[in-house]
Amino acid sequence: MKTLLVLDSSPRRDAVSRQLTNHFIEKISAKYPDVRIIHRDIGASPLAHVDDELINALRKEPETLTPRQQAARQASDQMIEEMNEADAIVVGAPMHNFTVSGALRTWIDHVARPGKTFGYDPETGPKGLIEDKPVFVLSTRGGDYGDGAPDNPHPADFQSGYLRHIFGFIGLKNVRIIAANGMDMGPEPRAEGLAEANNKIDAAVDALAA
Ligand SMILES: Cc1cc2nc3c(=O)[nH]c(=O)nc-3n(C[C@H](O)[C@H](O)[C@H](O)COP(=O)(O)O)c2cc1C
């Protein structure tokens with residue numbers, strides 16, 4: 001493990017998902033002391049929503065670019081490069097309205113780019129262009145939606161299946177959801193949910209190969 005990309009996507013400074021991403025970083029740094037952490041805080045510094053100007057810059061190859069389009073393309077190229085450089089990706093993902101936060105959704109709009117992270121073959125269909133690697137989603141939820149496993153989906157958990165699908169679409173098929181349930185259900189369920197998530201993080205890092 002040489003490089004880990006960590007995305008934080010909560011708008012809250014004292015977010016539970018930040019505690020979990022920090023725990024992951026501590027644990028992985030103890031196992032691989034030379035690991036390089038690329039930390040992108042899209043919750044604290046959210047990207048702009050893709051409007052007409054940006055969508056044209058990110059989805060097409062315009063001959064001339066406005067300064068804002070140029071900046072958006074550069075930022076997108078850099079964020080895609082961060083995914084390419086990483087050996088694994090960790091995503092701090094609060095559940096907002098049964099799915100991802102607006103910040104994470106917007107990051108996805110900036111990195112899911114035709115020709116850069118996905119292609120399309122008329123015969124075989126869509127093809128992800130990012131080399132597969134583990135993605136750990138540390139999902140914090142106010143309520144309890146189970147463990148996000150594909151064989152036992154909770155009907156109101158529109159986050160786990162969505163993230164599995166969109167990461168798979170760009171090539172990242174190896175998505176593991178680590179859920180912290182019950183964050184807003186009172187002190188006991190919260191402590192239990194946090195302990196369970198931290199134990200799962202420990203086990204996931206222990207299981208990583210050198
Ligand atoms: C805008 C917003 C929407 C939320 N929607 C949900 C939801 O659909 N289901 C749920 O269980 N909790 C929901 N919550 C609660 C958060 O998931 C919960 O507080 C979680 O711990 C937030 O993670 P964070 O501390 O990492 O930001 C919502 C919170 C906010 C601020």
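My aim in this report is to walk through the structure given alongside it, one point at a time. (Residues numbered from 1 in each chain as written. Predicted model: local features only at pLDDT ≥ 70, side-chain atom pairs only at ≥ 80, totals over all residues.)

Our focus in this paragraph is the overall build of the chain. If you tally the helices and strands in the chain, you get 6 helices and 7 strands. Put simply, the chain runs from its N terminus to its C terminus through helices and strands in the order β-α-β-α-α-β-α-β-β-β-α-β-α. Compactness check: the chain gives a C-alpha radius of gyration of 17 Å against a globular reference of 17 Å for 210 residues, within 12% of the reference. (Helix = DSSP H or I, 4+ residues; strand = E, 2+ residues; numbered from the N terminus. Rg over C-alpha atoms; globule rule 2.2 N^0.38 Å.)

Here we come to helix H5 (residues 160-169). Here H5 has its buried residues at Ser160, Leu163, Arg164 and Phe167. Take H5 and look down its axis: the buried residues cluster within an arc of 100°, on one side only. Those residues of H5 that are buried are in contact with strand S6 (135-140) and strand S7 (175-180). (Buried ≥ 20, exposed ≤ 12 C-beta atoms within 10 Å, placed from the backbone. Arc of directions from axis to C-beta. Contact = placed C-beta atoms within 7 Å.)

Let's shift gears to the nonpolar core. Counting 43 residues, the largest nonpolar core has Val90, Val137 and Leu138 as its most contacted members. Excluding residues that lie within four positions of it along the chain, Leu138 makes contacts with Ser17, Leu20, Thr21, Phe24, Val90, Val91, Gly92, Ala93, Ile178 and Ala197. (Core = buried A, V, L, I, M, F, W, Y, C linked by C-beta atoms within 7 Å.)

Okay, unusual backbone geometry next. Despite not being glycine, Asn97 shows a phi value in the positive range, around 50°. Turning to its location among the elements, Asn97 is positioned in the loop between strand S3 (88-94) and helix H4 (102-111). In this structure, Phe98 takes a positive phi of about 75° despite not being glycine. Within the secondary structure, Phe98 is located in the loop between S3 and H4. Residue classification places Phe98 among the partly exposed positions, given that 15 C-beta atoms sit within 10 Å.

Their axes nearest at 10 Å, the elements helix H1 (residues 16-31) and helix H6 (residues 187-207) cross at an angle of 30°. Here H1 is positioned roughly parallel relative to H6, judged by the angle of their axes. Considering how the two elements wind past one another, H1 and H6 form a crossing that is right-handed. Residue-level inspection shows Leu20, His23, Phe24, Lys27, Ile28 and Lys31 of H1 in contact with H6, the latter providing Ala197, Asn198, Ile201, Asp202 and Val205. (Axes fitted to C-alpha atoms, helices over the stretch in contact; angles between N-to-C directions. Parallel < 35°, antiparallel > 145°, perpendicular 65-115°, else oblique. Left-handed = near helix turned anticlockwise from the far one by under 90°.)

Here we come to the sheet that holds strand S1 (residues 3-8). Judged by pairing direction, the sheet is parallel, and its 5 strands sit side by side in the order S2-S1-S3-S6-S7 without closing on themselves. Strands with a single pairing partner mark the edges of an open sheet, and in this sheet they are strand S2 (36-41) and S7. With direction set aside, neighbouring strand axes in the sheet form an average angle of 15°. (Pairing = 2+ DSSP bridges.)

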